[in-house]
Amino acid sequence: MAAPVSESVATQLSDAASEGPAALLNALDAAISANPALVGTPDSAASLADAAARPVLTFRGNNLPVYRSIVARIADAAPPAVRAAVAEAATRAVSAVVALEPPPSLPSARVSEGAEEGAPATTGATGALGDSQQPPQVRRQRTLGYDVGSFVLYPELLVAGYWDDNIFATPTNERIDRVAVFAPTLYLNSDWDKHALNFEVGTDVVRYEDFSSENSIDYDLSGEGRYDIDDDTEVFGGLAYGRDHEDRDSPDDVNGLEPTIYRNTTAYLGAYHAFAGISVRGGIDVDRLDFDDTPAAAVVFNNDDRDRTRYSVGGRLSYALTDVIQPFVQGTVDIRTYDTAVDDFGFDRDSTGVRVMSGMTARITGKLSAEAAVGYMRRDYDDILLEDFSEMAFSGSVYWRPIPSTVLSGWTDRTIEETTLIGSPGYVLSSYGAEVEYQIIRNLFATLRASYAESDFESSTRTDRETSLGGGIRYLINSNYFVGADYRYQKRDSENSAADYVRNQIFIRFGVQY
């Protein structure tokens, strides 16, 4: 690995990242302007690219345009004689950071039914409470992507195989199978000086060797845009549609002859404004879930009573108390309406929920960032037979890079989720996780992961406790190709013994991006 850039430059970039991708890219330009030697050689450019890309790991949403803009700006500023070598070195360095992002789960879970209670679900970086992660895009020399008018097309492909020793997630009579996954994705991103318009389309084709009933073809397509009114004000919105299936370990799985298929449609619109150290973000969201019926041995399970629409409105107010500390308050209100007046068991599951929290974000050094919040959440149901309930809400995340080759991260969250369990209005999901990523050598990375989740079903004696442990390695062949291997262990202990299971999975992956 090349020697890292100075601590002052790394801190400058990390601190700028706390204000978002545009500020990070502006800080990168300023650092290059102040010291052109940073992009004078491939080694120095690789170090700068690494320092600029590391803070992006703390961003939420689609970070791909941010990573690519870092490479483009470094390559554009390099001397013509070494520009190609600098571009290649910067691409390798950024790709190494991207390798630290969690790999996609297999089979895919593109659309999750259990979203944060009351929070607008989004397809990318935006939303009522999220940060807009799309930076201003500038047309520059590229090492990846294809120009399509004023847009850039980025194709990617993931090919994987995995072994699963309990594909149905059952407590006994486990079934083993080998699975192949083919997952192409296309990104089309605007290449403009201001504003942004980005599209994504992808599919996961999953094929089981022995149990073809589990085969699936999932897909999603989305588009999101941002209009920059000025440097401090923006309006953003998006649309998304996806077809997915419930995994066999879902607490709502009906044990049919095949997995339950569902479709998710989301639309959102929001705005952001900053002034005098204060930033305000707000938005509205509409989220639609539509489930197919599930065939069983002698009957067809009706899932029409699960079809529903969620309407949400939320906002977040932050204040830059110091360069390090930023307290905030945020809140969301949502209404969930089901298509049917009552479900198959006679319950009206329409409800209204609220979630309010206060917290703080902190960037203690150029290597450490954290956010923590605590508050209150409540859900009220139209049916008097379903008990209203409230709980303490919390969320948190931490990112720490103690040395250039190591990243430690952690997170926690508590939400209220929907359920089909008879007599239970919903469940409180408390989840915790941690991850360690280590760069062994220049192009070889290792990752360890652990998570724990507890699902406490209201008005029921059932509580599920789920543990997941895993790790893997990833090798970057070059800026276009990578190979990797992962292992995952999952275990669920439940008061309902029929829901218990232990599962081991081994993955082999090969990825391509251009």
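You'll find the structure just up there.
Here's a quick rundown of the structure. (Residues numbered from 1 in each chain as written. Predicted model: local features only at pLDDT ≥ 70, side-chain atom pairs only at ≥ 80, totals over all residues. Heavy atoms only, no water.)

## A few points about the nonpolar core
One recurring pattern in soluble globular proteins is that nonpolar side chains are buried together. To keep it simple, the criterion reads: The nonpolar core is taken to be a set of buried Ala, Val, Leu, Ile, Met, Phe, Trp, Tyr and Cys residues, with the residues joined through side-chain atoms within 4.5 Å. Exposure categories follow from relative accessible area, calculated using a 1.4 Å probe and restricted to protein chains: below 20% of the type maximum is buried, above 50% is exposed, and the middle band is partly exposed. Helix and strand definitions here come from DSSP, where helices need a minimum of 4 consecutive H or I residues and strands a minimum of 2 consecutive E residues; each element is numbered from the N-terminal end. Residue contacts are counted whenever heavy atoms from the two residues lie within 4.5 Å of one another.
In terms of nonpolar packing, the biggest core is built from 38 residues, with Leu13, Leu28, Leu48, Ile70 and Ile74 touching the most fellow members. Within the residue set of this core, elements represented by two or more residues are helix 1 (7–17), helix 2 (21–34), helix 3 (42–53), helix 4 (64–77) and helix 5 (83–98). Here isoleucine 74 is in contact with Leu28, Ile32, Val39, Ala45, Leu48, Ala49, Val86 and Ala90, once residues within four sequence places are set aside. With 14 residues, the next largest nonpolar core counts Ala96, Ala183, Phe445 and Leu476 among its residues.

## A word on the environment of phenylalanine 151
Structurally, phenylalanine 151 is set in strand 2 (residues 151–164). When the C-alpha positions of phenylalanine 151 and asparagine 189 are compared, they lie 5.5 Å apart, and in sequence the two are 38 residues distant.

## So, the packing of helix 4 against helix 5
The test is simple: Structural elements are reduced to axes, namely lines fitted to C-alpha atoms, with helices fitted over the stretch in contact, and the angle between N-to-C directions of any two is expressed from 0 to 180 degrees. Working rule for angles: under 35 degrees goes down as roughly parallel, over 145 as roughly antiparallel, 65 to 115 as roughly perpendicular, anything else as oblique. A clockwise turn of the near helix away from the far one marks a right-handed crossing, whereas an anticlockwise turn of less than a right angle marks a left-handed crossing.
Direction vectors running N to C along helix 4 and helix 5 enclose 155°, while the axes themselves pass 9 Å from each other. In terms of their interaxial angle, helix 4 and helix 5 are classed as roughly antiparallel. Crossing hand, helix 4 versus helix 5: right-handed. Seen from helix 4, the contacting residues are Tyr67, Ile70, Val71, Ile74, Ala75 and Asp76; seen from helix 5, they are Arg83, Val86, Ala87, Ala90, Thr91, Val94, Val97 and Val98.

## So, unusual backbone geometry
Excluding glycine, most residues fall at negative phi; most peptide bonds, likewise, are trans. Not every positive phi belongs to a glycine, and histidine 195 is a case in point at roughly 65°. Checked against the element boundaries, histidine 195 lands in the loop between strand 3 (177–190) and strand 4 (196–208). Classification of histidine 195 by relative accessible area gives buried; the value is 19%. A positive phi angle, near 50°, is found at alanine 276, a position not held by glycine. One can find alanine 276 in the loop between strand 7 (261–275) and strand 8 (278–291).

## Section: helix 1
Rules: For this quantity, the arc is that covered by the directions from the helix axis to the C-beta atoms.
Buried within helix 1 we find Val9, Ala10, Leu13, Ser14, Ala16 and Ala17. Along the long axis of helix 1, the arc covered by the buried residues comes to 165°, so they all point the same way.

## Describing the pattern of salt bridges
The cut-off we apply is this: The term salt bridge refers to a pairing of a side-chain nitrogen on Lys or Arg with a carboxyl oxygen on Asp or Glu at a separation within 4 Å.
With the rule as written, the count across this model stands at 36 salt bridges. Across the salt bridge formed by aspartate 210 and arginine 178, the nearest N and O atoms sit 3.6 Å from each other. Of this pair, aspartate 210 sits in the loop between strand 4 and strand 5 (216–230) while arginine 178 sits in strand 3, placing them 32 residues apart in sequence. Residue class for aspartate 210 comes out partly exposed when judged on its relative accessible area of 47%. Take arginine 178: its relative accessible area is 40%, and that puts it in the partly exposed class. Salt-bridge contacts for arginine 509 lead to aspartate 486; the nearest nitrogen and oxygen are separated by 2.9 Å. Taken together, the residues arginine 509 in strand 21 (residues 501–513) and aspartate 486 in strand 20 (residues 481–494) connect sequence positions 23 residues apart. In this structure, arginine 509 and aspartate 486 share a single accessibility class: buried. One network of salt bridges, with partners in common, ties together Asp164, Asp247, Asp249 and Arg503.

## Looking at a nonpolar patch on the surface
To be explicit about the condition: Excluding any residue in a salt bridge, patches collect residues exceeding 30% relative accessible area, merging like charges within 9 Å and nonpolar Val, Leu, Ile, Met, Phe, Trp and Tyr side chains within 5 Å. All accessible-area figures derive from a Shrake-Rupley calculation using a 1.4 Å probe, and residue coverage is judged against the displayed protein chains alone.
Where nonpolar side chains cluster on the molecular surface, the patch consists of Tyr227, Ile229, Val235, Leu269, Ile284, Val313 and Val333 and spans about 620 Å² of accessible area. Positionally, isoleucine 284 belongs in strand 8. Residue classification places isoleucine 284 among the partly exposed residues on the basis of a relative accessible area of 48%.

## Thoughts on the packing of helix 1 against helix 2
Selection criterion: Ten residues, namely Ala, Val, Leu, Ile, Met, Phe, Trp, Tyr, Cys and Pro, are considered nonpolar, four, namely Asp, Glu, Lys and Arg, are considered charged, and the remaining ones, Gly among them, are considered polar.
Running from N to C, helix 1 and helix 2 cross one another at 155°; their axes reach a closest spacing of 7 Å. One finds that helix 1 runs roughly antiparallel with respect to helix 2. Note on packing geometry: the crossing formed by helix 1 with helix 2 is right-handed. Taking contact as the criterion, the partners of Val9, Gln12, Leu13, Ala16 and Ala17 in helix 1 are, on helix 2, Ala23, Leu24, Ala27, Leu28, Ala30 and Ala31. Across the contact of helix 1 with helix 2, the residue classes break down as 10 nonpolar, 1 polar and no charged.

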